[in-house]
Protein chains: 2
Amino acid sequence: MLDSPKNMQNVVKNNNLLPQLSLDDLENMARGAAFLGTGGGGDPYLGRLIMQHIFAKYGTPKLINVEALKDDDPVYIAAMMGAPSVMVEKITGVNEVETAISALEQHLGRPAAAIMPAEIGGMNALLPLAIAAKRGIPVIDADGMGRAFPELQMVTFAVYGIPTSPFAVANEHGEYHVIKARDNKASENAARQLAIQMGASVGLSCYPMLGADAKRTAVRGTVSLALGIGRAITEGRTNGDPFVTLQTYLHSTDYYNQCKLLYSGKIADVSRKVDKGFTVGKCIITGESSAENNLEIIFQNEHLRASLNGQTICIVPDLICILDAESAEPITTEGLRYGQRVKVMGVSCAPIMRRSKALQTLGPRAFGFDEDFVPIEDLIESH
Amino acid sequence: MLDSPKNMQNVVKNNNLLPQLSLDDLENMARGAAFLGTGGGGDPYLGRLIMQHIFAKYGTPKLINVEALKDDDPVYIAAMMGAPSVMVEKITGVNEVETAISALEQHLGRPAAAIMPAEIGGMNALLPLAIAAKRGIPVIDADGMGRAFPELQMVTFAVYGIPTSPFAVANEHGEYHVIKARDNKASENAARQLAIQMGASVGLSCYPMLGADAKRTAVRGTVSLALGIGRAITEGRTNGDPFVTLQTYLHSTDYYNQCKLLYSGKIADVSRKVDKGFTVGKCIITGESSAENNLEIIFQNEHLRASLNGQTICIVPDLICILDAESAEPITTEGLRYGQRVKVMGVSCAPIMRRSKALQTLGPRAFGFDEDFVPIEDLIESH
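Residues numbered from 1 in each chain as written. Chains lettered and ligands numbered in written order. Predicted model: local features only at pLDDT ≥ 70, side-chain atom pairs only at ≥ 80, totals over all residues. Heavy atoms only, no water.

(A) The sheet that holds strand S15 (residues 311-315) of chain B, seen in detail. Residue and element names in this part refer to chain B. The strand order across the open sheet built from 7 strands is S15-S14-S13-S12-S11-S17-S16, with neighbouring strands paired in antiparallel fashion. Two strands in the sheet have a free side with no partner beyond their single neighbour: S15 and strand S16 (319-324). The mean angle between the axes of side-by-side strands here comes to 35°, regardless of whether they run parallel or antiparallel. Pairing analysis gives 4 bridges linking strand S14 (residues 302-308) to S15, with the strands arranged antiparallel. Residue pairing for S15: Ser-307 is matched across the bridge by Thr-312. (Pairing = 2+ DSSP bridges. Helix = DSSP H or I, 4+ residues; strand = E, 2+ residues; numbered from the N terminus. Axes fitted to C-alpha atoms, helices over the stretch in contact; angles between N-to-C directions.)

(B) Representation of unusual backbone geometry. A cis amide bond links Ser-165 of chain A to the next residue, Pro-166 of chain A, at an omega of 0°. Despite not being glycine, Asn-301 of chain A shows a phi value in the positive range, around 60°. Residue placement: Asn-301 of chain A occurs in the loop between strand S13 (295-300) and strand S14 (302-308). Although it is not a glycine, Ala-328 of chain B adopts a positive phi angle of roughly 60°. Its place among the elements puts Ala-328 of chain B in the loop between S16 and strand S17 (341-347).

(C) Fine view of the sheet that holds strand S11 (residues 259-275) of chain A. All names here are of chain A. As summarised here, the arrangement of the 7 strands in space is S15-S14-S13-S12-S11-S17-S16, forming an open sheet in which the pairing is antiparallel. In the strand order of this sheet, the two ends are held by strand S15 (311-315) and strand S16 (319-324), each with one partner. The average angle at which neighbouring strand axes cross in this sheet is 35°, direction not considered. Two elements, S11 and strand S12 (residues 278-286), share 9 bridges in a ladder whose sense is antiparallel. Directly across from Ile-267, in S12, lies its bridge partner Ile-285.

(D) Layout of the state of the cysteines. Residue and element names in this part refer to chain A. Applying the stated criterion to the full structure yields 0 disulfides over all chains. Here Cys-283 stays unpaired: no disulfide links it, and the sulfur of Cys-321, its closest cysteine neighbor, is 13 Å away. Given a relative accessible area of 0%, Cys-283 falls into the buried group. (Disulfide = S-S within 2.5 Å. Buried < 20%, exposed > 50% of the residue type's maximum accessible area, 1.4 Å probe, protein only.)

(E) Region of interest: the relation of the copies chain A and chain B. Rotating chain A by 180° and translating it 0.1 Å along the rotation axis places it on chain B, where the RMSD comes to 0.0 Å. Such values leave the two copies arranged in the relation of a two-fold axis. Closest approach to the rotation axis within chain A is made by the C-alpha atom of His-107 of chain A, at a distance of 2.0 Å. Comparing interface residues between copies, 100% of those in chain A also lie at the interface in chain B; the contact surface is shared. (Least-squares fit on C-alpha atoms with pLDDT ≥ 70 in both. Contact = heavy atoms within 4.5 Å.)

Read these as layout, nothing more, since geometry by itself doesn't imply function.
Dropping the structure here:
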């Protein structure tokens, strides 16, 4: 059912049809990345500042489809790992990510043909663009989640058999570790510990792969998706209703087309704590009429489950996005405040994320929920 | 004074004159390595068992002089790092050392032309022979200490400017870390932490260098020295007095020729504790007549200072070796027992270790003693 031909990854194959980035698009790209971050993924504002500087100096990178890669083209991932709250104080440069990629390239003996994001949420959606621009190589219009997730192994690359290691982490002093771990969980543990030891946020390059691997495992079209989402919201602010333009755009996409405004209301309560390096908690939103049930959203960095009176209405890996009720600006979990007027949107994720193998790693039970994944379109019907 | 022409590294240049190893020599090599371990360096018996197995399967490795290297030949160090007490229980294979070397070779893109020991004391004197045999490449007749020392940066390689990193550590599961640290102390800290995390003992390859670096920094002739010491002790046991044959041999060497029996007596007290991963403590030896002062030996893994009534008679980096009074078998700090009859020998170290730059890292003050280094030959005169 989930992999019906209609839902398969039927994406634009011709790079000339891909949207190309311009300096003016930075704000849109950052806004779309915040939307796809579903509450997590770090502050895209910082990523935008970094990109502004890099793009002005080196130009914008070329966006290419996964299909444009040769099967043996080396593909490297560019990401930051660490506590978002630290990244705010210790401004993240691209240097540590570059150091990590260079160390891994040196180790594997082959330079990158292209850079790919690991997650298309928040800052990690933007850093790969900066690296690709600096290097003068293309950035791939794909990632490993089609959204943001809290852990290193929660990517389609891992789900479909690409090892995390050898991977490299680096800090701002040019120090790096290249690590071969016995499995992906050991890689996650080693990287997380090093992120703490090396200053709470590190540059990371993991899941080194070839073009053929990227074609087999990546979630396609997600960089242009972020750009499209950002552009739609911006356009709607001047030409009507940003929620209308956003939904119109999402309906036009290949697999983010099952989207629905789940709720409108006011934030009544936010409980949030930092546990084992993650921001975990929940948010209660009250409706416009007192007769309505409250909406509860549970999060671990990212929003995981939205429910009304105990009844799930959208659940991970589908996307739950909290947006400002007027401007449709995406709000991160750190940005949630009592009294904010918000609209909550649920969006279908890519089919590759909904296969049973992927759900073992990325589905509700992987996050401790005692329920199976049900696609948002089925929940909407039953609701 | 220390670098007078007579004391300079005037070693045999022709490899054909070098002693070559045979399977029968394993016991001698292990015994000589235990002597040069000056109480530390791990259990050479384990190293011998490993070598027996490897040599029987792959043959013995060829021993070459540093001078036989081309200036741009890649030289790799082979060593174990960790707590000797753990190595006894978790039998050390050559696999983890090989994994570390392979990871570093892969990272630097050049295979090893030859293997060199980092220290010629204990197990770390023997493992490089096993690796070289397995690889079918030569082992260099030199090391970075001409003895054993407790820390990674306490080698002539570091003293004379070769960076510890990039270095690699590996465990028995094929996991490895290749690390670039900002300086040698950071490398020592990172390696020591990983040694603990990865199972308390790890394979290590550090100070990657070229032939020209080895010629500039290595302590020459120390593998054949260990072999010569072992052979001399064994020979003396059947043909007279092992202390006589040992001293005769040492007097014939280029820079271990200032040697003296410092003391004969009985071990009266040993206090020993494990502190920050090191075995630290002291040993009191009482003389044959009650009129004699006791000898005190302070150690941190290795024996550091021998004194009579507070008066230093031999001090690091010169060698202090405790030997069984009958057989001249070297005794490690872990092997010291109340009532043992022992003889203590002091031996001059290599001139390259006595330069002021080396003494900053390897001299008495580096180990917390409030005194300057005085060569054993001068202490003997003043004594």
